[in-house]
Every structure is written in C-alpha cells, then in structure tokens.
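Residue strings, one per chain:
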Amino acid sequence: MKKIELEIVALSHSITQTHSYAVVLGEVGGLRRLPIVIGGFEAQAIAVALEKMQPSRPLTHDLMKNFMNAFNIDLHEIIISDLQEGIFYSKLVCSSDNDTIEIDSRTSDALALAVRFGCPVYTYEHILDSAGIMMEDSSTTKRRKSSATSEEEEDDEPTTTTTGSKEDLHSLSLEELNTLLGEVLEQEDYIRAIAIRDEINNRKKRK
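These figures come from a predicted structure and were not determined experimentally. (Residues numbered from 1 in each chain as written. Predicted model: local features only at pLDDT ≥ 70, side-chain atom pairs only at ≥ 80, totals over all residues. Heavy atoms only, no water.)

Engineer: Is there a simple way to explain unusual backbone geometry in this structure?
Structural biologist: Glycine aside, negative phi is the norm for most residues, and most peptide bonds take the trans geometry. Although it is not a glycine, Lys52 sits at a positive phi angle of roughly 55°. Tracing the sequence through the fold places Lys52 in the loop between helix H1 (40-50) and helix H2 (60-70). With phi around 50°, Glu85 is a residue other than glycine that occupies positive phi space. (Helix = DSSP H or I, 4+ residues; strand = E, 2+ residues; numbered from the N terminus.)

What follows is the structure, encoded as structure tokens:
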C-alpha cells in the first residue's frame, strides 16, 4: 500500500473528551487532517519535544531515545497502520547494524518518539478516508465523516490539569505570570508552561 506522509500541525484540548487532548496530523502537500485524541501525559511528552523544552529530568520518551541511541538503534519512521473500532494502531520501524524490524506501539507514544528522532510519520489512504477531515481552505473545514476517534488509553493514565486557561492568564499581571511559570515548571507541567510562556511573550510584544 502507498504510504502518505503526515506532520503534526496542532496539539490542543479535545472538544470531545474531558481531560484529553487532540493531536492533529496534516497530510504533507495536501488538505486532509487526521485528529487523534490522546491522554494528557502523552500530550505533554509531544509538546515538550515540539517546543524543544529541556526537562530537569528525562521524560519516559527521552529515556527510551537515550536507550536506543546507546545501543545504536535508529528510528527510521512510524506508520499509523490500522484503525479498528475507533482505535489507531501504529508501528515503529527501527534498525540496528544487523536488522530492521517493526515494533507495535500506541500512536501517541510513536508520535512522541517521532518528534524526538525527527523521523517521518506515515499512514495509509483507507485510514485518512475513514477518519480524516478535508480542509476547504485555511480557515474552514468540512464536517468530519464520523465521530471523533481516540486512541486506547490505560485506565490509570495520568492527565494534566486544565486550569490556567487563556482567560485565567489574561487576568494575571506579568509578575504573577512569571511566578506561575516557575511553579508549573517545578511541577513539570510543561503544557501549562507553554501557554504561560506564550502569554508572557505576547505581553512583551505589545509593550
């Protein structure tokens, strides 16, 4: 089957599931989008890598990358290979000096590793046909063909707090924002840290 390359175009709160996030993948050179609902922990792992933030301690996916590098294992690409009953399935295509193998992975974990390795993300036509969105132009989209699909999540999967919304941040002074930024970084809540940092930068631009 022909592979279609995707790239991460957005990471936001899910509008369909409380305490979840949606990572939106866009077709490279095309107008189709593939939204996938993921948990807060995985969203944080992806956001940290996208924003090139440096955690005080390695996150799980950073540790896995370090482990693979130590044993000369390279991640060539990830493939979102299947969609069954609303659950996306993915594979990591890895190689060592002697072999190339495919490893089953949750899609959110695969994306977190792909961002860290800088490797391409692919899927197949039938997955985009069944779960994708066609963009009409830069500002409007057609209605999704089916209800939002989500990736399988473990029952005890941690999620990030949704406090610190844009409305809350707007009401804080610059000094309060800087104090809050320090607090959430201490808690390693990097998704909130990104939102606060952006608000601080926007305030500085307006000066």
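Read on for the rest.
Engineer: Sorry, what's going on with the nonpolar core here?
Structural biologist: Side chains of a nonpolar character, in soluble globular proteins, are inclined to be buried together. Formed by 29 residues in total, the largest nonpolar core has its most connected members in Leu25, Leu34, Ile36, Leu75, Ile78 and Ile80. Elements with a minimum of two residues in this core: strand S1 (3-13), strand S2 (20-27), strand S3 (32-39), H1, strand S4 (74-84), strand S5 (87-95), helix H3 (107-117) and helix H4 (125-131). Of the residues forming this core, the biggest block, six residues, is contributed by H3. Ranked by size, the runner-up nonpolar core spans eleven residues in total, among them Leu59, Leu169, Leu181 and Ile196. (Core = buried A, V, L, I, M, F, W, Y, C linked by side-chain atoms within 4.5 Å. Buried < 20%, exposed > 50% of the residue type's maximum accessible area, 1.4 Å probe, protein only.)

Engineer: Explain the pairing of S2 here, please?
Structural biologist: Counting buried residues in S2 gives eight out of eight residues, a clear majority hidden from the surface. Burial along S2 is two-sided: Ser20, Ala22, Val24 and Gly26 facing one way and Tyr21, Val23, Leu25 and Glu27 facing the other are all buried. Where S2 lies against S3, seven bridges are found, and the strand directions are antiparallel. Residue pairing for S3: Val23 is matched across the bridge by Ile36. Between S2 and the antiparallel strand that follows it, S3, lie four residues; Gly29 among them carries a positive phi value of about 75°. (Pairing = 2+ DSSP bridges.)

Engineer: How do you make sense of the packing of H1 against H3 when you look at a structure like this?
Structural biologist: Think of two packed helices as two axes; the pair is described by the angle between the axes and how far apart they sit. Where H1 contacts H3, the two axes come as close as 9 Å, and the packing angle between them is 10°. By the angle between their axes, H1 is roughly parallel relative to H3. Here H1 contributes Glu42, Ala45, Ile46, Val48, Ala49 and Leu50 to the contact with H3, which in turn contributes Ser108, Asp109, Leu111, Ala112, Val115 and Arg116. Split by residue class, the contact of H1 with H3 holds eight nonpolar, one polar and three charged. (Axes fitted to C-alpha atoms, helices over the stretch in contact; angles between N-to-C directions. Parallel < 35°, antiparallel > 145°, perpendicular 65-115°, else oblique. Contact = heavy atoms within 4.5 Å. Nonpolar A, V, L, I, M, F, W, Y, C, P; charged D, E, K, R; others polar.)

So far we have only geometry, and geometry alone does not tell us how the molecule works.
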